[in-house]
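Structure at a glance
The residues making up each chain are set out below.
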Amino acid sequence: MNIPWRNDAAGGVHMPDLVETYPVVLSHGQGARVWDVNGRAYLDFLAGYGAVNQGHAHPRLVAAMTRQVKRLTMIPRVFHHDQAAAFYQRLSRITGYGQAVLMNSGAEAVETAIKLARRWGYVHKGIAKDRAEVLVFDGNFHGRTLAAVGLSASPKVRRHFGPHLPGVQRASYGDLDAASRRMGPTICAVLVEAVQGQGGVVVPPADFLPGLRALCDQHQCLLMVDEVQAGLGRTGHFFAFQHSQIRPDVVILGKSLAGGMLPVSAVVADPKVMAVWDVGSHGSTFGGNPLACALAYEALGVIEDERLVQRAADLGAHLQQRLAPLLGKHGVTAVRSLGLWAGIQLVTQRSARELCARLVAQGLLVDATGQNTIRLSPPLVIEQSQLDAGLDRLIAILQDGGNGKGARCS
Ligand SMILES: *Cc1c(COP(=O)(O)O)cnc(C)c1O
């Protein structure tokens, strides 16, 4: 496929190669389907890495977006607007927390949570000035800002970007003993993904989050769960931490919070935790603007009214049933999943990226992540027939050694 702006000779607009792209130029989408500029259809098994759980161009979100665009999109935060109350109430009812700080990207929300935790540590735990530390885990992904890459353990993510954020302790994901050894008087918070998405859909042992909850109680620090990718229905619960029956002190949301139409993220917590903010201590030009609130209100409404959480659980059970037989065959070394979310890990001799490229050519949008893992995270609105069509293709390509001759799946 000719991608004109990537053609040096054409003298077009240039983007640096920050990711390894597939030769596909997409133009529009609807639900779990997207089309390229040549009119070819694809099934979307990525949903913007979980930013489009409600599906592409959801009519209700399109309506909310266009309605609000014509009314009011941006005001300075020193004024109130009429879209805030309904959204905050809905968010509060769904999450069970009384306050939220609205930001834009997930990474911004992560940084906001770290600021909150540090301040909380100085005010409530009495940590000595500039000594506060946050405990994070190997394999984490919390975004790409300077602070967020400082949390990462990945050399690829960190290399030549130092000096990195100080005050970070790291332990192996899922290892409570290691976490326990890092706890101490300078730790203000534990920041953890309930499931590591970018890491390859890594589901921790069942006792991990409850164990972290207990450690945080014991050592007086905040348990902050990054639900940017795992939250909002993906795992068959509204929030992935609900599988563990724990209540974090701070929950970080993003991605599908505005149905893929705007970057909207949030840090939610109880008022007594949020009380450490004071006037002038934090801000964001676009955070919590009228358009974001109107859209996020509707995006949460779609998840509730269309029962997408239950849908993720039901379709997820089907997905897991179909993937389970693959384990140990066709170079599949692990199948990890929770809800409508799966990671299929391959032996290193087989390239997940290569298989994904073949699948994309056959009309299935997938991508590799983590350690040679194919990540599946379709929109939660996907039809079961569409899910099956995509899985048929995936299984066929795994079985025939990657030849994958056959009809497009879409
Ligand atoms: C995607 C992601 C982020 C970063 O979100 P951005 O909007 O890309 O900044 C943070 N945490 C997790 C768990 C994510 O999956």
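Residues numbered from 1 in each chain as written. Predicted model: local features only at pLDDT ≥ 70, side-chain atom pairs only at ≥ 80, totals over all residues. Heavy atoms only, no water.

What follows is about the sheet that holds strand β15 (residues 373-376). Overall, antiparallel pairing links the four strands, which are arranged β11-β12-β15-β14 in an open sheet. Two strands close off the open sheet at either side, each with one partner strand: β11 (332-337) and β14 (367-369). Averaged over all pairs of adjacent strands, the angle between their axes in this sheet comes to 30 degrees, without regard to strand direction. Bridging between β11 and strand β12 (residues 342-346) involves five bridges; their strand directions are antiparallel. Within β12, the position partnered with Arg336 by the bridge is Gly343. The strands touched by helix α13 (residues 384-399) within the sheet are β11, β12 and β15, with β15 carrying the most contacts at an inclination of about 170 degrees. (Pairing = 2+ DSSP bridges. Helix = DSSP H or I, 4+ residues; strand = E, 2+ residues; numbered from the N terminus. Axes fitted to C-alpha atoms, helices over the stretch in contact; angles between N-to-C directions. Contact = heavy atoms within 4.5 Å.)

Right, let's talk about the sheet that holds strand β10 (residues 265-269) for a bit. One open sheet accounts for seven strands, arranged β4-β10-β9-β8-β7-β5-β6; its pairing is mixed. Edge positions in the sheet fall to β4 (99-103) and β6 (168-171), since each has one partner strand and no second. Averaged over neighbouring strand pairs, the angle between their axes works out to 20 degrees when direction is ignored. As paired elements, strand β8 (residues 222-226) and strand β9 (residues 250-253) share three bridges and run parallel to each other. Opposite Val225, over in β9, you have Val251 as the bridge partner.

Time to look at the pairing of strand β5 (residues 133-137). Burial of β5 is extensive: five of the five residues sit out of reach of the surface. With burial as the criterion, each face of β5 is covered, one bearing Glu133, Leu135 and Phe137 and the other bearing Val134 and Val136. In this structure, β5 lies alongside β6, joined through four bridges in parallel fashion. The partner of Val136 across the bridge, within β6, is Arg170. (Buried < 20%, exposed > 50% of the residue type's maximum accessible area, 1.4 Å probe, protein only.)

With that settled, consider the environment of Asp392. Here Asp392 shows up in helix α13. Using a relative accessible area of 40% as the deciding quantity, one classes Asp392 as partly exposed. Here Arg322 takes part through its side chain, which lies 2.7 Å from a polar atom of the side chain of Asp392. (Polar contact = N/O pair within 3.5 Å; in protein donor to acceptor, adjacent residues only side chain to side chain.)

Moving on: the nonpolar core. In globular proteins that are soluble, nonpolar side chains generally tend to be buried together. Phe137, Leu212, Ile374, Leu376 and Leu394 are the most contacted members of the largest nonpolar core, which has 93 residues in total. Among the elements that make up this core, the one with the highest residue count is helix α10 (residues 290-305) (nine residues). Residues within four places of Leu376 in sequence aside, it is in contact with Phe45, Leu319, Leu323, Leu340, Trp341, Ala342, Ile344, Val366, Leu391 and Leu394. Counting 28 residues, the second-largest nonpolar core is a separate cluster that includes Ile114, Val228, Ile252 and Ala269. (Core = buried A, V, L, I, M, F, W, Y, C linked by side-chain atoms within 4.5 Å.)

Geometric values such as these leave the question of function open.
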